[in-house]
Amino acid sequence: MMKNFVEELTWRGMLHQSMPGVEEHLLEGMQSAYVGIDPTADSLHIGHLVGVMMLRHFQLAGHKPYALVGGATGMIGDPSGKSAERNLLDEKTLRHNQEAIKNQLSRFLDFDSDEANSAVLVNNYDWMKEFSFLEFIRDVGKHITVNYMMAKDSVKKRLSSEAKEGMSFTEFTYQLVQGYDFLHLYRENNCSIQMGGSDQWGNITTGTELIRRIGGGKGYALTCPLITKADGTKFGKTEGGNIWLDAKRTSPYKFYQYWLNSSDDDAEKYIKIFTFLTEEEISDLVKTHAEAPHLRALQKKLAEEITIMVHSKEDFENAEKASSILFSKSFKEDIRTLDEATFLDVFEGVPQAFISRDEFNEGLDMIGALAAKTNFLNSNGEARRALKENSISVNKEKVKEDYQLSSEDLINDTYIILNKGKKNTYIIKID
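Per an unreviewed UniProt entry, the protein is named Tyrosine--tRNA ligase, and its organism is Winogradskyella poriferorum. Under the UniProt heading Sequence similarities (unreviewed entry), the entry covering the protein gives this text: "Belongs to the class-I aminoacyl-tRNA synthetase family. TyrS type 1 subfamily."

Below you can see the structure in the form of structure tokens.
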């Protein structure tokens with residue numbers, strides 16, 4: 001039974017713009033749609049997730065999703081929303097990136113089903129690589145006027161007097177290449193809909209125009225809003241860069257933390273877009289959150305759902321435990337259960353000092369640990385005062401001046417956590 005895909009996107013806040021007739025077209029029976037994915041890295045980041053979620057909802061509604069890896073367009077670079085031309089990639093790198101991206105997409109889309117609407121991954125390099133320049137300008141270019149191309153926002157912005165750089169001919173042709181992808185998929189795969197972010201509207205409609213002029217058919221465009229944050233900062237970015245789906249690039253702990261730290265307004269928006277919870281479930285969560293905002297029910301559920309979906313239930317449980325470990329009553333035992341990478345994530349930015357293992361084995365007293373050997377505190381005198389005031393902890397347990405650090409204090413056989421009061425934390429690494 002077909003579900004109403006447009007209705008689903010609408011209540012989730014995932015529909016920005018659509019061509020007239022697209023809802024009726026979808027209700028006629030199973031249709032095919034695609035989303036283009038830029039393969040400039042061997043991992044997706046969370047900025048890609050809205051398009052991926054659209055494809056998943058499309059499949060759940062009974063339709064057939066196509067994920068298009070832009071091997072050819074990735075060699076050019078989309079000017080939409082960009083202020084400068086991007087670096088071009090070679091074929092070997094693109095193929096590697098394609099395989100890595102498919103592995104990530106398979107957590108969202110069913111590529112292996114025997115059902116008619118199983119997902120398909122395609123790469124536009126496969127049909128563009130044999131297309132000569134002369135053939136392209138003869139068979140495709142002549143059908144779209146320069147006036148039509150110049151009217152697109154992505155072109156106008158780059159050619160405006162405010163733009164620092166102009167636009168190369170390579171980038172100018174991008175919308176034709178993307179438009180041809182739509183025409184190709186329409187002809188070869190009966191794919192009648194292209195979906196993407198709202199900044200893609202101009203490129204998508206160039207495709208519908210080629211389908212009309214060359215294919216003699218009807219293509220449809222449907223876009224989602226670009227995700228923004230309530231505080232005006234860029235979605236999916238931190239001081240360290242993108243939030244990636246690959247655990248090697250962004251650890252599950254940092255991934256979980258990103259969502260957990262969402263504002264109330266953002267969490268209410270994101271939970272509709274980035275989870276498959278029902279309208280009723282989300283409505284109940286919003287009410288629960290409103291009654292006790294300090295408990296952060298929305299953020300916790302959002303972070304749980306998306307971390308499990310992208311990584312695993314085990315990764316979520318580890319990230320959740322790591323997030324609460326600083327306040328744990330059994331800190332000393334719990335901290336030893338963290339792997340080294342998560343331990344370092346939890347204590348990222350905390351001052352560290354390095355002491356050789358030989359030096360440590362010779363004996364390390366608290367004055368040395370706090371000042372003489374580490375310079376965490378300004379002087380031995382300050383260290384003694386802090387110890388007399390009972391404000392120093394080793395792995396969250398209070399110690400006196402006569403305490404000697406030993407191998408029993410080592411976490412992962414390498415680290416010791418020192419605290420002065422509640423606010424000052426230091427790490428000793430035994431190298």
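J.: Help me get a handle on the overall build of the protein, residues and values and all.
T.: A count of helices and strands for the protein gives 22 helices and 15 strands. In terms of overall dimensions, the protein has C-alpha extents of about 85 × 45 × 45 Å along its principal axes. Put simply, the protein has 431 residues, and 50% of those count as buried. If you sum the accessible surface of the protein, you get close to 21200 Å²; carbon and sulfur atoms cover 47% of it. Side chains of the protein give 51 positive and 65 negative charges; the mean places of these two sets differ by 4 Å.

J.: Please give an account of the environment of L109 that cites residues and values.
T.: Within the fold, L109 resides in the loop between α5 (91–105) and β4 (120–123). With relative accessibility at 3%, the residue L109 sits in the buried group. With residues near it in sequence (within four places) discarded, L109 still touches L55, R56, Q59, P65 and A119.

J.: Account for the UniProt feature "binding site: ATP" (unreviewed entry) in the protein, naming residues and giving values.
T.: As annotated in UniProt, the feature "binding site: ATP" (unreviewed entry) corresponds to K237 in the numbering used here. Assignment of secondary structure puts K237 in strand β7 (residues 237–238). Residue class for K237 comes out partly exposed when judged on its relative accessible area of 37%. Those residues in contact with K237 that lie beyond four places of it in its chain are N242 and Y258.

J.: Could you give an account of the packing of helix α11 (residues 174–189) against helix α12 (residues 201–213), with specific residues and numbers?
T.: Packing of α11 against α12 brings their axes to within 7 Å, and their N-to-C directions diverge by 50°. On the basis of the axis angle, α11 is oblique to α12. Our pair here, α11 against α12, has a crossing hand that is right-handed. Side by side, α11 and α12 meet where Y174, Q175, L176, Q178, G179, Y180, F182, L183 and Y186 of the first sit next to N203, I204, T206, G207, T208, L210 and I211 of the second. Split into classes, the residues belonging to the contact of α11 with α12 amount to nine nonpolar, seven polar and no charged.

J.: Tell me about the sheet that holds strand β12 (residues 397–398), residues and numbers included.
T.: Read from one edge to the other, the open sheet built from five strands follows the order β9-β15-β14-β11-β12, with strand pairing classed as mixed. Of all strands in the sheet, those with a lone pairing partner are β9 (352–355) and β12, marking the two edges.

J.: Can you break down the sheet that holds β4 residue by residue, with the values?
T.: Taking strand neighbours across the sheet as the criterion, the six strands line up as β1-β6-β5-β2-β3-β4 in an open arrangement whose pairing is mixed. The sheet is open, and its two edges are formed by β1 (17–18) and β4, each paired on a single side. Across five bridges, strand β5 (residues 193–197) lies against strand β6 (residues 220–224) in parallel orientation. Bridge pairing links G196 to T223 in β6.

J.: So, the packing of aromatic side chains: which residues are in play, and what are the values?
T.: Evaluated as defined, the whole model comprises 18 aromatic pairs. Ring geometry for F136 versus Y180: centroids 6.2 Å apart, planes at 75°, classification edge-to-face. Here F136 is found in helix α7 (residues 133–139), whereas its partner Y180 is found in helix α11, with 44 residues between them in sequence. Three or more aromatic residues joined by ring pairs form one cluster here, namely F235, F255, Y258, W259, Y270 and F274. The positively charged end of K218 is found above the aromatic ring belonging to Y220, 5.3 Å away from the centroid.

J.: Go over the nonpolar core, please, and point to the residues and values.
T.: The biggest cluster of nonpolar side chains holds 86 residues, and the ones touching the most others in it are M195, W259 and F274. In terms of nonpolar packing, the next biggest core, distinct from the first, is built from 24 residues, L377, V399, L405 and I428 among them.

J.: I'd like a rundown of a nonpolar patch on the surface, residues and numbers included.
T.: Where nonpolar side chains cluster on the molecular surface, the patch consists of F133, L134, I137 and F169 and spans about 460 Å² of accessible area. Sorting elements by how many residues they give to the nonpolar patch places α7 first, with three residues. Within the secondary structure, L134 sits in helix α7.

J.: Summarise the pattern of salt bridges; cite the residues concerned and give the values.
T.: Scanning the entire structure with this criterion turns up 17 salt bridges. Two residues, E359 and K373, come together in a salt bridge whose shortest N-O distance is 2.8 Å. Placement of E359 in helix α20 (residues 357–362) and of K373 in the loop between α21 (366–372) and α22 (380–388) is noted, with a sequence separation of 14 residues between them. Looking at E359, the relative accessible area reads 29%, which means it is partly exposed. Between E382 and K420 there is a salt bridge, with the nearest N and O atoms lying 3.5 Å from each other. On the criterion of sequence distance, the pair formed by E382 in helix α22 and K420 in strand β14 (residues 415–420) is long-range, its members being 38 residues apart. Overlapping salt bridges, with partners in common, bring together E209, R212 and R213 in one network.

J.: Can you lay out the pairing of β14 for me, pointing to particular residues and giving the numbers?
T.: Counting buried positions along β14 gives five out of six residues, so the element sits mostly inside the fold. As defined by bridge partners, strand β11 (residues 392–394) adjoins β14 across three bridges and the pair is classed as antiparallel. Paired with V394 across the strands is L418, a residue of β14. Sheet analysis places β14 next to strand β15 (residues 424–430), joined by six bridges and oriented antiparallel. Pairing of L418 across the sheet is with Y426, part of β15. Counted along the chain from β14 to the antiparallel partner β15, the turn is three residues long, and its residue G421 has a positive phi close to 70°.

J.: Requested: an account of helix α17 (residues 313–324), with residues and values cited.
T.: With 12 residues, α17 extends 17 Å between its outermost C-alpha atoms, agreeing within 8% with the 16 Å of an ideal straight helix rising 1.5 Å per residue. Residues of α17 that are buried: F316, A319, A322 and S323. What you see down the axis of α17 is that its buried residues fit within an arc of 130°, all on one side. Turned more than 90 degrees away from the buried face of α17 sit K313 and E314, all of them exposed. At its buried positions, α17 is contacted by α13 (252–260), α16 (297–310) and α19 (340–346).

Calculation notes
- Residues numbered from 1 in each chain as written.
- Predicted model: local features only at pLDDT ≥ 70, side-chain atom pairs only at ≥ 80, totals over all residues.
- Heavy atoms only, no water.
- UniProt positions renumbered as here; feature names shortened; annotations may be inferred.
- Helix = DSSP H or I, 4+ residues; strand = E, 2+ residues; numbered from the N terminus.
- Buried < 20%, exposed > 50% of the residue type's maximum accessible area, 1.4 Å probe, protein only.
- Areas by Shrake-Rupley, 256 points an atom, 1.4 Å probe, with all protein chains shown as cover.
- Lys, Arg positive; Asp, Glu negative; His and termini not counted.
- Charge placed at Lys NZ, Arg CZ, Asp CG, Glu CD.
- Contact = heavy atoms within 4.5 Å.
- Axes fitted to C-alpha atoms, helices over the stretch in contact; angles between N-to-C directions.
- Parallel < 35°, antiparallel > 145°, perpendicular 65-115°, else oblique.
- Left-handed = near helix turned anticlockwise from the far one by under 90°.
- Nonpolar A, V, L, I, M, F, W, Y, C, P; charged D, E, K, R; others polar.
- Pairing = 2+ DSSP bridges.
- Phe/Tyr/Trp six-rings, centres within 6.5 Å; stacked < 30°, edge-to-face > 60°.
- Lys NZ or Arg CZ within 6 Å of the ring centre and 35° of its normal.
- Core = buried A, V, L, I, M, F, W, Y, C linked by side-chain atoms within 4.5 Å.
- Patch = residues over 30% accessible without salt bridge, like charges linked within 9 Å, V, L, I, M, F, W, Y side chains within 5 Å.
- Salt bridge = Lys/Arg side-chain N within 4 Å of Asp/Glu carboxyl O.
- Expected span 1.5 Å × (residues − 1).
- Arc of directions from axis to C-beta.

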